[in-house]
Amino acid sequence: MINENGSLSIHSENIFPIIKKWLYSDHDIFVRELISNACDAITKLKKLDIMGEYTIPDNTHFKVEVKLNENNKTIQIIDNGLGMTADEIKQYINQIAFSGAEDFLNKYKDKANQEQIIGHFGLGFYSAFMVADTVTIDTLSYVDGATPVKWECDGGTEFTLSEGTRTERGTTITLHIGDEGKEFLREYPLKSTIEKYCSFMPYDIFFINENEEETKKETDTKEETEEPQPLNDTNPLWLKHPNDCTEEEYKAFYRKVFMDFKEPLFWIHLNMDYPFNLKGILFFPKINNEYENMEGRIKLFNNQVFVADNIKEVIPEFLLLLKGVIDCPDLPLNVSRSFLQNDGFVRKISDYITKKVADKLTGLYKTENESFIKYWDDIHPFVKFGSLKDDKFYSKVKDILIYKSIYGEYISIKDYIEKNKEKNKDKVFYVTDEQQQSQYIELFKQNEMDAIILSHSIDQPFISHIESQEKDVKFARIDSDLSDSLKEDSNEEELKPATETLENLFRKALANENLKVKVESLKNIDLSSMIILSEESRRMQEMSKMYGFAGLGGNMPSDETLVLNKKNSLVQYLLDNNTNETKLEDITMICEQLYDLALLSHKPLQPEAMTKFIKRSNALLSRLAL
Ligand SMILES: Nc1ncnc2c1ncn2[C@@H]1O[C@H](COP(=O)(O)OP(=O)(O)OP(=O)(O)O)[C@@H](O)[C@H]1O
């Protein structure tokens, strides 16, 4: 029987290629890792200064330089941070996954503010080998009397460590770029990668194209050269206290970061220190039209280092419709996304952001109601989407949901129901297409009835959601039923014979045995015919169309009813002349035309029906001209 305990052994020759290849999915991440190490080195030095372990010389300009030399095939990252001694290189660089950042924090645990150091895992430096064949470190430590050190490694497991030549405190990392990284040997991709990840890093980052500098020197005509400008903004707006930020600053920041020249509607400045550290600004963008892509962009930062756009695991999905930046140094971002998804801490962050957004909206509703109404057309899809996606969000915003009425006013469902109780019997009538349903809208207006406009694609799922949450709210499209207030007082029995006669007549004229006809006495005598389709049937039809039940959509028995107004003279004409054989042709034409007219304000006509309708309309007009 075999019974043995032991520890697995890992050989660095085996693990190194894995780190190189799989540690990060994006090649360009080396830029982020090396520049953040350079910034860390400066932060650490500043901390040593604060703690009295070192005195920063006067006039020190802390900076990171990225030098590209296409001819030599090198990229250098140069900092004037704390540098490393030979021992530190042995410990932090040679021992893969031994994080100097962790070590530094442990060493100065009580004295230093932990939050600002970026590194955690002790692997970032090795991302250099994703693009470089050979990496050299030239460094001089801040420690008094330290000797400069040079470390070199060609991506195997061997390295050389020797005395270096660096004379100033700090570190130069030189990447001898191999085939895998050659795309970064051009100015544009390298510079834009720096801008992508490092736009808000805490120290000035300068880009220098050495080959260009050389040609400039050769052709120098004593012209004053411009002062070089850093690529980054070391003091991003989100780190400032909200009270110290001006409206113009927010707008300028928005323009710059999102390249959106439409002004944002409003914004939320997130500023939290406890129980976790989170700062950021969320902007509500202006949407130009309903069909515009609503996709927003939330940039996630970790200590001013860009991590990624739109990380769903941290930022609630519906908030991705907004534009903004979130900086959360506490996030364990190097771990897998599935971990993030299940992490309670991450959920708390996400809940916090959701709560802040809901608070801002309710605050606006209460204190700046006029502005809130002005913004509503732009923000309602977002608020509705949020309500669908997140119950907690819904319960916070449900009392501030408003709807535009056919009179152009904004009203809550509660107020709508209250106001229209008598006429609507608790139903909420709505319009999905103002143009197409204009006939019904007109009818409503004539009878001083109200309906709300729900024309966005989010509205259908949204009203189903409201109905499921609020038991006494029932939505009905404006053409789903005839409200009693549109009709004159007359009893059903009285209208029965007319209904029978006209149903037979229309069925014959339209050659449609299943057509349902209902005769009503409508107050508006100009109105001859209209289609109604019960809310349930229409929703069923729409659903089957949406889910593409092939054939079903088309073949589904239609529950449409043709309503004819007995008070209208054309309908009356049909009633009076339906047995008159000599007028058969006219009667058929009128039936067809009335049916098409009714259909037209209910849904678009099919191409064939449309062609017939136009032909018939022309024929009818020519009769007038006779
Ligand atoms: N430019 C630099 N100046 C001084 N020390 C550095 C520099 N670059 C790397 N180091 C040291 O090497 C250590 C290892 O770096 P590495 O990037 O691999 O890991 P990390 O920054 O600790 O964590 P992470 O994997 O999250 O980046 C750092 O913690 C730091 O002590």
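Note that the structure is a prediction, hence the values are computed from the model and not measured. (Residues numbered from 1 in each chain as written. Predicted model: local features only at pLDDT ≥ 70, side-chain atom pairs only at ≥ 80, totals over all residues.)

1. Digging into the overall build of the protein
Within the protein, the regular secondary structure consists of 21 helices and 20 strands. Within the protein, counting contacts between residues at least 6 apart in sequence, those at least 24 apart form 72% of the total. (Helix = DSSP H or I, 4+ residues; strand = E, 2+ residues; numbered from the N terminus. Contact = placed C-beta atoms within 7 Å.)

2. Brief notes about the sheet that holds strand 11 (residues 305-309)
An order of 8-9-12-10-11 is seen for the five strands of this open sheet, with the pairing classed as mixed. Two strands in the sheet have a free side with no partner beyond their single neighbour: strand 8 (266-272) and strand 11. Taking the axes of each pair of neighbouring strands and ignoring which way they run, one obtains an average angle of 15 degrees across the sheet. Pairing between strand 8 and strand 9 (residues 278-284): seven bridges, direction antiparallel. Among the inter-strand pairings, Met 272 is bridged to a residue of strand 9, identified as Leu 278. Where helix 9 (residues 344-367) meets the sheet, its contacts fall on strand 8 and strand 9, and the angle it forms with strand 8 comes to roughly 135 degrees. (Pairing = 2+ DSSP bridges. Axes fitted to C-alpha atoms, helices over the stretch in contact; angles between N-to-C directions.)

3. Observations regarding the packing of helix 19 (residues 569-577) against helix 20 (residues 584-600)
For the pair helix 19 and helix 20, the least separation of the axes is 11 Å and the interaxial angle reads 145 degrees. Considering the relative orientation of helix 19 and helix 20, their crossing is left-handed. Mapping the contact onto sequence places Leu 570, Leu 574 and Asn 577 in helix 19 and Ile 587, Ile 590 and Leu 594 in helix 20. The residue inventory of the contact of helix 19 with helix 20, partitioned by class, reads five nonpolar, one polar and no charged. (Left-handed = near helix turned anticlockwise from the far one by under 90°. Nonpolar A, V, L, I, M, F, W, Y, C, P; charged D, E, K, R; others polar.)

4. Looking at the pairing of strand 11
Note that strand 10 (residues 297-302) and strand 11 share four bridges and pair antiparallel. Note on strand 11: the bridge partner recorded for Asn 302 is Val 305. Where strand 10 folds back on strand 11, the antiparallel hairpin that results is connected by two residues, among which Asn 303 adopts a positive phi of roughly 55 degrees.

5. What about the sheet that holds strand 16 (residues 452-453)?
Across the sheet, three strands lie side by side as 16-15-17; this open sheet has parallel pairing. If you trace the sheet from one side to the other, it starts and ends with strand 16 and strand 17 (474-477), each paired once. Relative to strand 16, strand 15 (residues 427-431) runs parallel, the two sharing two bridges. Bridged to Val 431 within strand 16 is Ile 453.

6. Points about the UniProt feature "binding site: ATP" (unreviewed entry) in the protein
With numbering aligned to this structure, UniProt lists the feature "binding site: ATP" (unreviewed entry) at Glu 33, Asn 37, Asp 79, Met 84, Ser 99, Gly 100, Thr 171 and Arg 337. Along the chain, Glu 33 falls in helix 2 (residues 29-50). Owing to 23 C-beta atoms within 10 Å, Glu 33 belongs among the buried residues under this scheme. Apart from residues lying up to four places away in sequence, Glu 33 is in contact with Gly 124, Phe 125 and Ser 127. By the C-beta count within 10 Å, which is 25 here, Thr 171 ends up buried. Once residues lying within four places of it in the same chain are set aside, the contact partners of Thr 171 are Ala 41, Asp 79, Gly 81, Gly 83, Met 84, Ile 137 and Thr 139. (UniProt positions renumbered as here; feature names shortened; annotations may be inferred. Buried ≥ 20, exposed ≤ 12 C-beta atoms within 10 Å, placed from the backbone.)

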